[in-house]
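These are the residues of each chain, in order.
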Amino acid sequence: MGALLRFLLTRKHVLIGFLLLKAAAVLVNGLAQGSAETWGIGILALLVYGIIAAFALAGRLISIWAITVLMLYEAAGALLLGWSSLTNAPGVALIGFAAAAYLIAGALVIFSSRRKR
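For the structure given in this document, a descriptive report is provided here. (Residues numbered from 1 in each chain as written. Predicted model: local features only at pLDDT ≥ 70, side-chain atom pairs only at ≥ 80, totals over all residues. Heavy atoms only, no water.)

So, about the pattern of salt bridges. Applying the stated criterion across every chain yields a total of one salt bridge. One salt bridge connects Glu-74 with Lys-22, and the closest N-O pair in it is separated by 3.5 Å. Residue Glu-74 is found in helix H4 (residues 61-84), and its partner Lys-22 is found in helix H2 (residues 11-33); the two are separated by 52 residues along the sequence. Exposure remark for Lys-22: the relative accessible area of 15% places this residue in the buried category. (Salt bridge = Lys/Arg side-chain N within 4 Å of Asp/Glu carboxyl O. Helix = DSSP H or I, 4+ residues; strand = E, 2+ residues; numbered from the N terminus. Buried < 20%, exposed > 50% of the residue type's maximum accessible area, 1.4 Å probe, protein only.)

Here it is in C-alpha coordinates:
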(Lines give C-alpha, C1' and ligand atoms only; values in the text may rest on other atoms or scores of the structure.)
Protein backbone atom coordinates (compact mmCIF):
# COMPACT_ATOMS: atom_id res chain seq x y z
CA MET A 1 0.00 0.00 0.00
CA GLY A 2 2.87 2.36 0.78
CA ALA A 3 4.42 1.82 -2.64
CA LEU A 4 1.11 2.66 -4.31
CA LEU A 5 0.80 5.88 -2.31
CA ARG A 6 4.38 6.87 -3.15
CA PHE A 7 3.58 6.22 -6.81
CA LEU A 8 0.32 8.19 -6.75
CA LEU A 9 1.74 11.08 -4.76
CA THR A 10 4.49 12.23 -7.11
CA ARG A 11 4.23 15.60 -8.83
CA LYS A 12 3.58 14.12 -12.28
CA HIS A 13 0.97 11.60 -11.14
CA VAL A 14 -0.84 14.09 -8.92
CA LEU A 15 -1.18 16.49 -11.84
CA ILE A 16 -2.43 13.72 -14.13
CA GLY A 17 -4.89 12.59 -11.44
CA PHE A 18 -6.12 16.14 -10.97
CA LEU A 19 -6.73 16.54 -14.70
CA LEU A 20 -8.50 13.17 -14.85
CA LEU A 21 -10.76 14.16 -11.95
CA LYS A 22 -11.53 17.47 -13.66
CA ALA A 23 -12.25 15.65 -16.95
CA ALA A 24 -14.66 13.33 -15.13
CA ALA A 25 -16.39 16.34 -13.55
CA VAL A 26 -16.69 18.02 -16.96
CA LEU A 27 -18.17 14.84 -18.41
CA VAL A 28 -20.68 14.40 -15.58
CA ASN A 29 -21.75 18.06 -15.66
CA GLY A 30 -22.01 18.08 -19.44
CA LEU A 31 -24.16 14.95 -19.52
CA ALA A 32 -26.32 16.05 -16.58
CA GLN A 33 -27.06 19.56 -17.86
CA GLY A 34 -26.78 18.85 -21.56
CA SER A 35 -26.24 22.43 -22.71
CA ALA A 36 -23.57 23.63 -25.09
CA GLU A 37 -22.56 26.35 -22.63
CA THR A 38 -21.82 23.80 -19.91
CA TRP A 39 -19.69 21.74 -22.27
CA GLY A 40 -17.85 24.81 -23.53
CA ILE A 41 -17.03 26.18 -20.10
CA GLY A 42 -15.99 22.76 -18.83
CA ILE A 43 -13.69 22.04 -21.77
CA LEU A 44 -12.20 25.53 -21.57
CA ALA A 45 -11.53 25.10 -17.85
CA LEU A 46 -9.94 21.71 -18.52
CA LEU A 47 -7.72 23.25 -21.18
CA VAL A 48 -6.60 26.09 -18.89
CA TYR A 49 -5.97 23.67 -16.02
CA GLY A 50 -3.92 21.51 -18.38
CA ILE A 51 -1.74 24.44 -19.42
CA ILE A 52 -1.18 25.48 -15.81
CA ALA A 53 -0.40 21.85 -14.89
CA ALA A 54 2.16 21.61 -17.70
CA PHE A 55 3.93 24.71 -16.42
CA ALA A 56 3.77 23.37 -12.85
CA LEU A 57 5.31 20.10 -14.01
CA ALA A 58 8.12 22.12 -15.56
CA GLY A 59 8.74 23.71 -12.16
CA ARG A 60 7.42 27.22 -12.76
CA LEU A 61 6.83 28.74 -9.34
CA ILE A 62 3.71 30.78 -10.09
CA SER A 63 2.08 27.82 -11.83
CA ILE A 64 2.83 25.63 -8.82
CA TRP A 65 1.10 28.16 -6.57
CA ALA A 66 -1.82 28.44 -9.00
CA ILE A 67 -2.34 24.70 -9.37
CA THR A 68 -2.14 24.30 -5.59
CA VAL A 69 -4.88 26.87 -5.09
CA LEU A 70 -6.98 25.30 -7.86
CA MET A 71 -6.60 21.85 -6.34
CA LEU A 72 -7.64 23.12 -2.92
CA TYR A 73 -10.62 24.89 -4.50
CA GLU A 74 -11.69 21.69 -6.27
CA ALA A 75 -11.17 19.75 -3.02
CA ALA A 76 -13.50 22.16 -1.22
CA GLY A 77 -16.12 21.51 -3.89
CA ALA A 78 -15.69 17.75 -3.49
CA LEU A 79 -16.05 18.10 0.28
CA LEU A 80 -19.25 20.09 -0.16
CA LEU A 81 -20.57 17.47 -2.58
CA GLY A 82 -19.75 14.70 -0.14
CA TRP A 83 -21.28 16.51 2.81
CA SER A 84 -24.48 17.44 0.98
CA SER A 85 -25.07 13.91 -0.29
CA LEU A 86 -24.12 12.13 2.92
CA THR A 87 -27.66 11.17 3.92
CA ASN A 88 -29.21 10.72 0.46
CA ALA A 89 -26.40 8.95 -1.42
CA PRO A 90 -23.63 7.66 0.83
CA GLY A 91 -21.76 6.18 -2.15
CA VAL A 92 -21.51 9.57 -3.81
CA ALA A 93 -20.44 11.06 -0.49
CA LEU A 94 -17.67 8.47 -0.17
CA ILE A 95 -16.43 9.25 -3.69
CA GLY A 96 -16.52 12.98 -2.92
CA PHE A 97 -14.59 12.55 0.32
CA ALA A 98 -12.00 10.29 -1.36
CA ALA A 99 -11.52 12.77 -4.21
CA ALA A 100 -11.18 15.64 -1.72
CA ALA A 101 -8.60 13.72 0.32
CA TYR A 102 -6.56 12.93 -2.81
CA LEU A 103 -6.73 16.54 -3.98
CA ILE A 104 -5.65 17.91 -0.61
CA ALA A 105 -2.78 15.43 -0.34
CA GLY A 106 -1.85 16.16 -3.95
CA ALA A 107 -1.88 19.90 -3.36
CA LEU A 108 0.49 19.41 -0.43
CA VAL A 109 2.79 17.30 -2.62
CA ILE A 110 2.79 19.88 -5.41
CA PHE A 111 3.37 22.75 -3.01
CA SER A 112 6.15 20.98 -1.13
CA SER A 113 7.95 20.19 -4.40
CA ARG A 114 8.17 23.86 -5.41
CA ARG A 115 11.86 24.09 -4.44
CA LYS A 116 12.90 20.99 -6.40
CA ARG A 117 13.78 21.12 -10.07
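Past the structure itself, the notes keep going.
A word on the side chain of Ser-85. By the element assignment, Ser-85 lies in the loop between H4 and helix H5 (90-112). A polar atom in the side chain of Ser-85 sits 2.8 Å from the backbone oxygen of Leu-81. If we skip the residues at most four places from it in the chain, Ser-85 touches Pro-90, Val-92 and Ala-93. (Polar contact = N/O pair within 3.5 Å; in protein donor to acceptor, adjacent residues only side chain to side chain. Contact = heavy atoms within 4.5 Å.)

Computed from the structure, the largest pocket encloses a volume of approximately 660 Å³. Lining the largest pocket we find 23 residues, and of these Leu-21, Ala-25, Val-26, Asn-29 and Glu-74 sit closest to its centre. For the lining of the largest pocket, the residue count by class is 15 nonpolar, six polar and two charged. (1 Å grid on protein atoms, 1.4 Å probe; cavity = no way out; pocket = protein on both sides within 12 Å on 5 of 7 lines; lining within 4 Å. Points joined across faces, edges and corners; volume = space filled by probe spheres on them. Nonpolar A, V, L, I, M, F, W, Y, C, P; charged D, E, K, R; others polar.)

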